[in-house]
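# Commentary on secondary and tertiary structure
Each chain, letter by letter, is given below.
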Amino acid sequence: MLQVEILIFEFELQKASVLLTKIVALDPCNEEVFMQKATIFSKQKKHQEAIQVLEEGIAFSEEPSGFWEMMATEYLLLDKVQKARFYFEKSMVLHPEDVN
């Protein structure tokens, strides 16, 4: 997963996607895979696809707040402020200490 993050950081999105596909074959329920896939879609300005991947991945997460925060950000990028607010608020309920 670290290599995927490095590839994403370097904007080598195709290489990161290929590596993620290999990781999914080994660990299809890894929540981090979904988050990284969503990051790739987001960097490609495919925000709706990013949201879709996050919605799929949340089922494998014991801690959904990270997914909700990412979904909120994607909705902001789509100018869907009310949806963004909804997901930010869901995240804040789980982690009120993050509100500063």
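The notes below deal with the structure included here. In this convention, every chain numbers its residues from 1, walking through the sequence in written order. Totals for whole chains, interfaces and linings use every residue, but because this is a predicted model, local features are given only for residues with pLDDT of at least 70 and side-chain atom pairs only at 80 or more, for both listing and counting. Side-chain numbers here rest on the full set of heavy atoms in the structure, without hydrogens or water.

## Regarding the pattern of salt bridges
For the record, the criterion: Salt bridge, as used here: a side-chain nitrogen of Lys or Arg that lies within 4 Å of a carboxyl oxygen of Asp or Glu. Three labels apply to residues, based on accessible area from a 1.4 Å probe with only protein chains included: buried if under 20% of the type maximum, exposed if over 50%, partly exposed otherwise in between.
Taken as a whole and judged by the stated rule, the model has two salt bridges. The salt bridge partner of glutamate 12 is lysine 15, with a shortest N-O separation of 3.9 Å. On the basis of relative accessible area, glutamate 12 is assigned to the partly exposed category, the value being 32%. The exposure class of lysine 15 is exposed, given its relative accessible area of 52%.

## Brief notes about the side chain of asparagine 30
To keep things clear, this is the line we draw: Starting at the N terminus, helices and strands are each numbered in turn, a helix being any DSSP run of H or I of at least four residues and a strand any DSSP run of E of at least two.
Tracing the chain through its elements places asparagine 30 in the loop between α2 (13–26) and α3 (31–43). Classification of asparagine 30 by relative accessible area gives buried; the value is 19%.

## With respect to the packing of aromatic side chains
Worth spelling out the cut-off: Pairing of aromatic rings covers Phe, Tyr and Trp, the last through its six-membered ring, and needs centres within 6.5 Å; plane angles under 30 degrees mean stacked, over 60 mean edge-to-face, and all others mean tilted. Placement of a charge over a ring requires the Lys NZ or Arg CZ to be within 6 Å of the ring centre, with the centre-to-atom vector within 35 degrees of the ring normal.
As enumerated under the stated definition, the model contains three aromatic pairs in all. For the pair phenylalanine 34 and phenylalanine 60, a centre-to-centre distance of 5.3 Å together with 15° between the ring planes defines the contact as stacked. With phenylalanine 34 in helix α3 and phenylalanine 60 in the loop between α4 (47–57) and α5 (65–77), this residue pair connects regions lying 26 residues apart in the sequence. Note on phenylalanine 34: relative accessible area 9%, which makes it buried. Measuring from centroid to centroid gives 4.9 Å for phenylalanine 86 and tyrosine 87, while their planes differ by 85°, and the two rings are edge-to-face. Classification of phenylalanine 86 by relative accessible area gives partly exposed; the value is 43%. Accessibility expressed as a relative area gives 11% for tyrosine 87, which makes it buried. Looking at lysine 37, its charged tip hangs above the ring of phenylalanine 34, at a distance of 6.0 Å from the centre.

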